[in-house]
Structures are given as structure tokens and as C-alpha cells.
There are 2 protein chains.
Amino acid sequence: MKGLDCFFRPRSVAVVGASRDRGKIGYCVLREMRKRYKGGLYPVNPHADRIMGLKCYPSVRDIKELDLAVITLPRETVPVVLRECVDKGVEAVVIITSGYSETGKEGRRREEELKNIIRGSRTRIIGVNCLGIYDAYSGVDTLFLPESKFRRPARGGISFITQSGAFGSTILDWMSSEGLGISKFVSYGNQTDVKENELLEYLDRDRRTRVIVAYIEGVSDGRRFMEVAGRVVKNTPLVVFKAGKTDMGSRAASSHTGSLAGSYRIYEAAFRQAGVLEAQSVEGMFDLAKVLEFLRPPRGDRIAVVTNGGGFGVIISDSVIRNGLRLARFSRESEGRLRSVLPAYANIHNPLDLIGDADKVRYEKALDILAGDPNVDGIIVIPLLQTFSLEPEVIDVIAGIKRRAKKPIIACATGGRYIRRHLARLDRKGVPAYTSPERAVRAMRALVRYGRVRGS
Amino acid sequence: MKGLDCFFRPRSVAVVGASRDRGKIGYCVLREMRKRYKGGLYPVNPHADRIMGLKCYPSVRDIKELDLAVITLPRETVPVVLRECVDKGVEAVVIITSGYSETGKEGRRREEELKNIIRGSRTRIIGVNCLGIYDAYSGVDTLFLPESKFRRPARGGISFITQSGAFGSTILDWMSSEGLGISKFVSYGNQTDVKENELLEYLDRDRRTRVIVAYIEGVSDGRRFMEVAGRVVKNTPLVVFKAGKTDMGSRAASSHTGSLAGSYRIYEAAFRQAGVLEAQSVEGMFDLAKVLEFLRPPRGDRIAVVTNGGGFGVIISDSVIRNGLRLARFSRESEGRLRSVLPAYANIHNPLDLIGDADKVRYEKALDILAGDPNVDGIIVIPLLQTFSLEPEVIDVIAGIKRRAKKPIIACATGGRYIRRHLARLDRKGVPAYTSPERAVRAMRALVRYGRVRGS
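Owing to the predicted nature of the structure, the values given are computational and were not obtained by experimental measurement.

Here is what the cut-offs are and how they apply
Residues numbered from 1 in each chain as written. Chains lettered and ligands numbered in written order. Predicted model: local features only at pLDDT ≥ 70, side-chain atom pairs only at ≥ 80, totals over all residues. Heavy atoms only, no water. Helix = DSSP H or I, 4+ residues; strand = E, 2+ residues; numbered from the N terminus. Rg over C-alpha atoms; globule rule 2.2 N^0.38 Å. Contact = heavy atoms within 4.5 Å. Buried < 20%, exposed > 50% of the residue type's maximum accessible area, 1.4 Å probe, protein only. Polar contact = N/O pair within 3.5 Å; in protein donor to acceptor, adjacent residues only side chain to side chain. Pairing = 2+ DSSP bridges. Right-handed = clockwise from strand over helix to strand, strands pointing away. Least-squares fit on C-alpha atoms with pLDDT ≥ 70 in both. Axes fitted to C-alpha atoms, helices over the stretch in contact; angles between N-to-C directions. Parallel < 35°, antiparallel > 145°, perpendicular 65-115°, else oblique. Nonpolar A, V, L, I, M, F, W, Y, C, P; charged D, E, K, R; others polar. Core = buried A, V, L, I, M, F, W, Y, C linked by side-chain atoms within 4.5 Å. Buried area = accessible area lost by both parts, 1.4 Å probe. Salt bridge = Lys/Arg side-chain N within 4 Å of Asp/Glu carboxyl O.

**Digging into the overall build of chain A**
So, step 1. Along the backbone of chain A there are 16 helices and 19 strands.
So, step 2. Scaling as 2.2 N^0.38, a compact globule of 456 residues should have a C-alpha radius of gyration of about 23 Å, and chain A matches this with 25 Å.
So, step 3. For chain A, the spread of C-alpha atoms along the three principal axes comes to 80 × 45 × 35 Å.
So, step 4. Within chain A, contacts between residues at least 6 apart in sequence are counted, and of these 73% link residues at least 24 apart.

Listed below in C-alpha cells is the structure:
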């Protein structure tokens, strides 16, 4: 198979260490694979005939054709099984087992041993010390997290690679509740063999992946990473969250995934130069991913703000300026048209306050004018749905304008259950929606920046 | 009545402009007041006999005893009614009506007229151009927002004053869904009479108020505000969100509430000097309010981080350092004790990684040791509840330690529905819990800063 396809679209998968014991990783992996994966699925366990109704094999050697082996065994037995995979010509091996270079010198030696086993062969490893892969399309799922505690996100256009498995899994879980969809998730752990660079290149070519998000502590080869990233971003936006920014954080990282976090200032500058978008918070990663999945970048940085809540106009204006964007100056023509459709007591300037008694009709007229204004590159709209006069159908109005407009529209609304329900509707209609002004503006900033990356 | 009690604990309330028409503000205010307010409630409307089953009065003059009048009338009739209130000796008047100094010169003249009417009398005004008051304890509720779209938060210890009504109301709605409780909410609009300073002093003396949050665009008198704030914070923590930080934002503010936002740099320095805690985002306001409501400040800034997800340890360490706090160095004794209760492969340092297979017992032992460590001032705990081995009862373990420990404990957990349910349980047990590492650390920083304010 081509590239890393054997990991993500294997025709057959063996779970080595499959178990009937609910407390075992091998139980959980087999159970999840069975749910969604449609290819040949083979539990490997010398002490069982059948598990979950599937025929069990004593060893990978006994399976006729095998693309992917998932190893969930204790450390001591990993080399033996890996060697069997190499002998058999298995192309893809995910090793979940931990206790390697992240634990010190002795662990590093053990990890070297695994490298030696695959050297010169066609066998590739993702791991060690990882959660492995979740592919929402093919159903490959090596995450050993009980579904009662952890929900897989729906299918979508975001792919997420992460050095920290536990961190990554909590984020997947969070994505599910935020309504964000995933293509491929890879927890690559110690990158014993397959490195983040190769994953980036693979995902860039994956037609399901519209945006890549990466959580990294340290990279395997800085220069190479930036080279690859610089190429990838021409085609696929890349959002990075870098952990280990401080000395203390770096030290923690080294005992976590055995990686050298390096100087953050160097990373920061290199990311910028390569056109990588850096998120500064955990939510930020996916706030950016969402906007980059849904919208094309604007032509420039002149932002119009439209709201029926004056306070939000003030807050967003501050945030637009402090984030290095500009508040658009409406064209003469737009000003005239706005004056004719808004009440006499409305102030016609940016941020545009449609006043507390605005309804969906007023929103539609105003947004339509700004969507056609050549001085406006992008629009942030903040409908205060709590007010008396604003009908929930304003959501459809915004979505309609978004479909017609040749510029990005981002929405923001703060509030409780009623509001969240309507925000989710906006997301589903392709208008990225955020619960706070700051998050909406940072999303717009990322989009503007990415426009520059693509344009340059 | 004393101070502003007539606004918040009136024995009787008149809704002037009460209406049967569901589209009218006077309808909504009366309906909400009827739900929770237990004192005398009088609709005023010369064209009706009864509204919602309540006897209607043609004018406030016809009501025997009256503490608070809520005016929801059109601008033209406001002066007449206000004069009647003054003549009658009504102490408190909330004027919701807008179209005053926020609209320019003519509006300023109209607002001066109202000031002249109350001059020398005992009548005080909250407003104009506001939503007014919500008191979760007395049931006073002048917010004219339909309950289907907008939920009032439960009773609690946070009081919130805001210059922007619409903004404030969305925040109240958001508080309801975050499980935050409120004491008093005041949307004071143009501060025609009662100013933010007086509200701060009143809330400081209110025994239900444990923390005050203020959204301000500009203050009526900067020097006086800082004087008052400096006194208040000795007793009650004060969190401020300042809108109108940039020139563009200030300009927007002036057409919104007619306020002069002034130079943000000056505000920023003055807040710091006065011991006011400034929030930099909308969520931030209540992230800080929550921690200040629940916990006492630590003695110092040496923070211990405990998790079963290494990645979060790295992220929190970065965030602790970048927020100007320190990572605690565990005492020799703690190190020894931790070594004896944790598995051999655990690294004993801060951030303390309890490893992916941690259970609640391991959490309890580790937290108990750190709670007693004299080198640790505060603890941030990040339980990855999604993992196989960690039972949900770790929530009770954390809450138990929090009750016994003489230092603050803050929790953080990222994830979907399962996690949010357990975070809410932590909140209810008095352990402030956050969905992201950055928010948890900023909460701890605010607590440390407030400790310095109180200590100085």
C-alpha cells in the first residue's frame, strides 16, 4: 500500500494481546475495532479459541494476510511479536506499550532494540508509548478508552496528531461535545519510527483532511519539520500547539515523552516563518481548526462588526484592534443604504449597532449591504438572541448571507442553553460560531493570517 | 431604608407602564416580578383595571406606600412620572427607557432634566438606558427578557454590575448554564444618578455578596472609583472587565452608553494599584469570580500540579511559569512519602504525573501528602477521568482533601459530556473546576494576587 495507508486503511487488522478481560487494553481495542471497522479483524491470543465471537489466533504468523498489527502486550514480549511481523512482511505496527525512552537510559536501550528489529524491512511502527490511531472513515480505532467515559467525534475534516496520548484523547472527547468532526487522529508517542513529519505529509495528501492540528512537545528534527510544514501549509492549513514553552515545562516533557522541547523562542519564530498557525491555548487549537475547516481566507484584514448589543460591539472592536486587524470603514454607498434601512436613532458606523429592538429583517438588510461592500473583507456578527425582538430564524438569515457572500462570516453569541443550541445550528450550517468575542476574533485573525500564507 | 436597600429589598414595587401586550417591556417586567417577588406589586396603567390578576393603578400617586418604581414608559412621559415619584417621596426609581446622553446633545439635555427633577429630594435613580436589577434573594427582577430565551442563574455569592445591559444579560444567561450563582445584578446604564462607586460600596456591605464583578466602559469619576475600589477590595474581591481599551473601542463605547472610556493604560495601572483584579476576557471575569467565591487565597505562589495525564502536566507547568507563579519544590519528606506510595516507574517531581493507570486511591495518597507539604501553597489537580482505571469517585476524593487542606485546590478537566458532568459536581462541592489548563492557572493567579491585596 502507498505511504502510510496500511495504518489508516488496512484490509486486515490483528489485535495482539486481545483479551476477554474488560480491564485489559487488548479487550478495549478489540471491542472498539469491532464496532466500526469493516475489514478482516483477528484477535491474537494463544490462550483462547474465540473472543467476542471472533476466531482467535495463537500468533500473527498464523494469520494469512495482515496489513496492520496492534500490539497491546507487556514490554517483555513486544520484541518477539515485532520480529514475527517483520518476518511476515506486515507493513504497519502500532505499539501501544510504554516504558521506553520516556523512562530513561534502560528504556532508550529497549527502544533501540525495536528500531533494530525493523531496520531494512518494510515494517513501519507508530508508537511506542501511544494511544495509536482513530480513523473516523475506515473505522480503525486503537484507542483503549471506555466509550461510557469517552465519545468519539463524528466524521469531519480535521485531522489531529498528538505526541501526548492522554492529552489527545481528552481533546477528542471534547471535540465530540463541541460538534467538531474528525478525519484522522494519531497519538504517535515516542515516534520510534514514523515521525510527525511523515504524518504531516501523509495528511496533506489525504482528501478527507481539510485542516491539520498538531500537539507537540518537541520535534524529531526541527529543520526538517519546518521544511515539511512550510510545504504542507500551501495546501492544508496547519495549527500547532507547542507544549514545553518554559524550562519547567520542557523538563516535564522530557520525562513524559522523552522529547527535548528546545527553546520556545526558536520554535515560535520558525512556526511564523513556515506559515504555521500557533494556538496559545487548548480551546484555541480547535477554534482555529473550525474556522479553517469551514471558511476561505479573506482578501484583507478590514473587519465589519454587526450586533444588536452595543457592549459586544465595544468588546469586539477592542479585540479586533488588539489582534492586529482593522475595523473596516464602510463605503459611502453602504453608509447611505444602511441609513435608509435602519431606524433614525441608529449610529451608522463600524461596529454597527442594530440596536436592542433589531429583528431578523434588520439583520438581513444590514448584512446584505456589508456583504457587498468592497471595503469590508470579513464580517463578525454577534446576534443577541436573548432580546425580545430577535427571532431565532436570524440563524438562517446569517447562514443564507454566508452562502451568497464572497467573504468569511464568523458568529459569536454568549449565553446559556438556548444560545448554545443556536450556535450549534450555525456551526452545522457552515458558519463557525464561538461563545466569546475574544475567541471569534482570534479565529478571524487566524483566517487572515492563513490568507497571507496562501497568498505569499 | 438604608443606602440602596430600597432598590434591592423594597417592601412594594410599582411597574409603571405595565401592559397586557406580550410585546411590551411593561408586560415582561411585571410577569417576572410576579414570579419571585413577595412584596406588594402594583401595575400602573391608566387604561386597565387589572393586569395578570393584579389590581391596576392609574398613577403612582394612587398607591399608598411605595418603595420602588420601575419606569418602562416612552421617553416623553418619563419626566411626569418621575416628578410624581419625587412628590410622593418614592425612594427608588429604575428607569429602563433609553434615548438620553448616549444619543448626543439633545439626549444629554433630556437627561439633565431628569437630574433636575430629583435634585434635593430623597428619590434616587438607577438608569437611564438600562435593564435594571435582578436580586436572586428578594426577587426584584426588572429584566425584560423572555424566560424561554434567557435563564436566571441560581442564588449564589457573586454580584455583577454592568454598564451595558444587553452584555450583562447574556452573561447572566451564561452564568445559569455554568452553574454559577448570583446575589445581585445591576445594569446601571447611563448612571444618571446612582454611580458605580455607590453600587460597589453597597455590595461590599451586602452579606450575600462574596465577590463583585464589574463590566465598565468608562467610570463616572476615575479618582473616586479607584479610592472606593481600593477600600472595597480589603473586604470583598473585585474583578473588573474594562471595555473600550482601544481608540476604536472607546469611540464605540461613547455612542453606546455615552461614556468616555479614557486611556486604557491609565486604567490598567490604576486597577493594579487599587488591588482590583482585571479579567482580559469575557469567560475570564467569571473564571476569577468563581475561584474568589469558593476559596481563600494561598499564602504564596508555590503551586503543585498533580495529574494522571503527562501532557497536561507539561501544559500546566508552562502556564504556571508564564503567569508569574512558581512550581513548588516538594519537601524531602514529601518526596520520600510519594516514592513509597507511587509505582516505581513514576517520576517524583512537580508536575507530579501519577501515570496513566492511576486510580482514586493513588490520587488520595498523593494529594494528601501535598496538602501537608509546607513547600506547597496551592494545588492544581487535573484528573483525566477518561482513562480506564480512574473511577469517578476521585471527585469525592478531591473534594474531601479540599475540605481538610488549609490551601486552595483548583481542578481542571477537558472533555465531553461525561467530564462536564463531573466538573459540575466539583463546583458544587466547592472545588472550582475549569475546562482548560489556561483557565485553571489564571484562576490560581488571581487567587494569589488577591492574597497579596488582602495581605498588604
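**With respect to helix H10 (residues 282-294) of chain A**
Residue and element names in this part refer to chain A.
So, step 1. Most of H10 sits inside the fold, with 12 of its 13 residues counted as buried.
So, step 2. If you check which residues of H10 are buried, you get Val282, Glu283, Gly284, Met285, Phe286, Asp287, Leu288, Ala289, Lys290, Val291, Leu292 and Glu293.
So, step 3. Measuring from the side-chain oxygen of the N-cap residue of H10 to the backbone nitrogen of glycine 284 gives 3.0 Å; that N-cap residue is serine 281.

**What about the pairing of strand S9 (residues 155-162) of chain A?**
All names here are of chain A.
So, step 1. The element S9 is extensively covered by neighbouring structure, given that 7 of its 8 residues are classed as buried.
So, step 2. Sheet topology note: the S9/strand S10 (residues 182-187) ladder contains 5 bridges and is parallel. If you follow arginine 155 over to S10, its bridge partner there is isoleucine 182.
So, step 3. On the question of chirality, the crossover connecting S9 to the parallel S10 by way of helix H5 (residues 165-178) is right-handed.
So, step 4. Of the strand pairs in this sheet, S9 and strand S11 (residues 211-216) are connected by 5 bridges, and their pairing is parallel. Residue phenylalanine 160 lies in a different strand from S11, and its bridge partner there is valine 213.

**Some thoughts on the relation of the copies chain B and chain A**
Here the second copy of the chain follows from the first by a rotation about an axis and a shift along it.
So, step 1. Of the transformation superimposing chain B on chain A, the axial component is 0.0 Å and the angular component is 180°, with the fit at an RMSD of 0.0 Å. The transformation relating the two chain copies, once decomposed into turn and shift, fits a two-fold axis. Across chain B, the smallest distance between a C-alpha and the rotation axis is recorded for Glu283(B), namely 6.2 Å.
So, step 2. With an isologous cut-off of 70% or more, the 100% of interface residues of chain B that recur at the interface of chain A puts this contact in the isologous class.

**Re the pairing of S11(A)**
Residues and elements named next belong to chain A.
So, step 1. Across the 6 residues that make up S11, a large majority, 6, are buried.
So, step 2. Residues Val211, Val213 and Tyr215 line one face of S11 and the alternating positions Ile212, Ala214 and Ile216 line the opposite face, and both faces are buried.
So, step 3. Relative to strand S12 (residues 238-242), S11 is paired through 5 bridges, and the arrangement is parallel. The partner of valine 213 across the bridge, within S12, is valine 239.
So, step 4. A crossover links S11 with its parallel partner S12, the connecting element being helix H7 (residues 222-232), and its sense is right-handed.

**Some details on the sheet that holds strand S12 (residues 238-242) of chain B**
So, step 1. With respect to topology, 6 strands assemble into an open sheet ordered S8-S10-S9-S11-S12-S13 (chain B), the strand pairing being mixed. The open sheet is flanked by strand S8 (132-135) and strand S13 (277-278) of chain B, the only strands paired with a single partner.

**Regarding the sheet that holds strand S5 (residues 68-71) of chain B**
All names here are of chain B.
So, step 1. Reading across from one edge, S2-S1-S5-S6-S7 is the order of the 5 strands in this open sheet, with parallel pairing throughout. Every other strand in the sheet has two partners, leaving strand S2 (40-44) and strand S7 (124-127) as the edge strands with one partner each. Each strand axis lies, on average, 20° off the axis of its neighbour in the sheet, ignoring direction.
So, step 2. As defined by bridge partners, strand S1 (residues 12-16) adjoins S5 across 4 bridges and the pair is classed as parallel. Opposite valine 15, over in S5, you have valine 70 as the bridge partner.

**Concerning the packing of H5(A) against helix H15 (residues 417-428) of chain B**
So, step 1. Close contact between H5(A) and H15(B) brings their axes to 8 Å; oriented N to C, the two are set at 95°. When the axis of H5(A) is compared with that of H15(B), the two are roughly perpendicular. Note on element contacts: H15(B) touches H5(A) through Arg417(B), Ile419(B) and Arg420(B), opposite Asp173(A), Trp174(A), Ser177(A) and Glu178(A).
So, step 2. Split into classes, the residues belonging to the contact of H5(A) with H15(B) amount to 2 nonpolar, 1 polar and 4 charged.

**Observations regarding the environment of Val453(A)**
So, step 1. Residue placement: Val453(A) occurs in helix H16 (residues 437-455).
So, step 2. Not counting residues up to four positions away in its chain, the partners in contact with Val453(A) are Val233(A), Lys234(A) and Gly275(A).

**Here's the deal with the nonpolar core**
It is characteristic of soluble globular proteins that their nonpolar side chains tend to be buried jointly.
So, step 1. Formed by 221 residues in total, the largest nonpolar core has its most connected members in Phe7(A), Phe286(A), Phe7(B), Phe160(B), Met285(B) and Phe286(B).
So, step 2. Apart from residues lying up to four places away in sequence, Phe160(B) is in contact with Phe167(B), Gly168(B), Ile171(B), Ile182(B), Lys184(B), Phe185(B), Val186(B), Val213(B), Tyr215(B), Met285(B) and Phe286(B).
So, step 3. With 38 residues, the next largest nonpolar core counts Phe330(A), Ala399(A), Ile409(A) and Tyr418(A) among its residues.

**Some thoughts on the interface of chain B and chain A**
So, step 1. Between chain B and chain A, the residue contacts involve 72 residues of the former and 72 residues of the latter.
So, step 2. Summing the contributions of chain B and of chain A, the shared interface buries around 5,400 Å²; its carbon and sulfur component is 63%.
So, step 3. Along the contact surface separating chain B from chain A lie 4 salt bridges.
So, step 4. Between Arg439(A) and Glu283(B) there is a salt bridge, and its shortest N-O distance comes to 3.6 Å.

**Section: the pattern of salt bridges**
Residues and elements named next belong to chain B.
So, step 1. Taken as a whole and judged by the stated rule, the model has 64 salt bridges over all chains.
So, step 2. A salt bridge links arginine 124 to glutamate 198, with the shortest nitrogen-to-oxygen separation between them at 2.7 Å. Here arginine 124 is found in strand S7, whereas its partner glutamate 198 is found in helix H6 (residues 196-205), with 74 residues between them in sequence.
So, step 3. For arginine 124, a relative accessible area of 23% corresponds to the partly exposed category.
So, step 4. Using a relative accessible area of 26% as the deciding quantity, one classes glutamate 198 as partly exposed.
So, step 5. Glutamate 201 serves as the salt-bridge partner of arginine 231, at 2.8 Å between the closest nitrogen and oxygen. Of this pair, arginine 231 sits in helix H7 (residues 222-232) while glutamate 201 is found in helix H6, placing the two residues 30 residues apart along the sequence.

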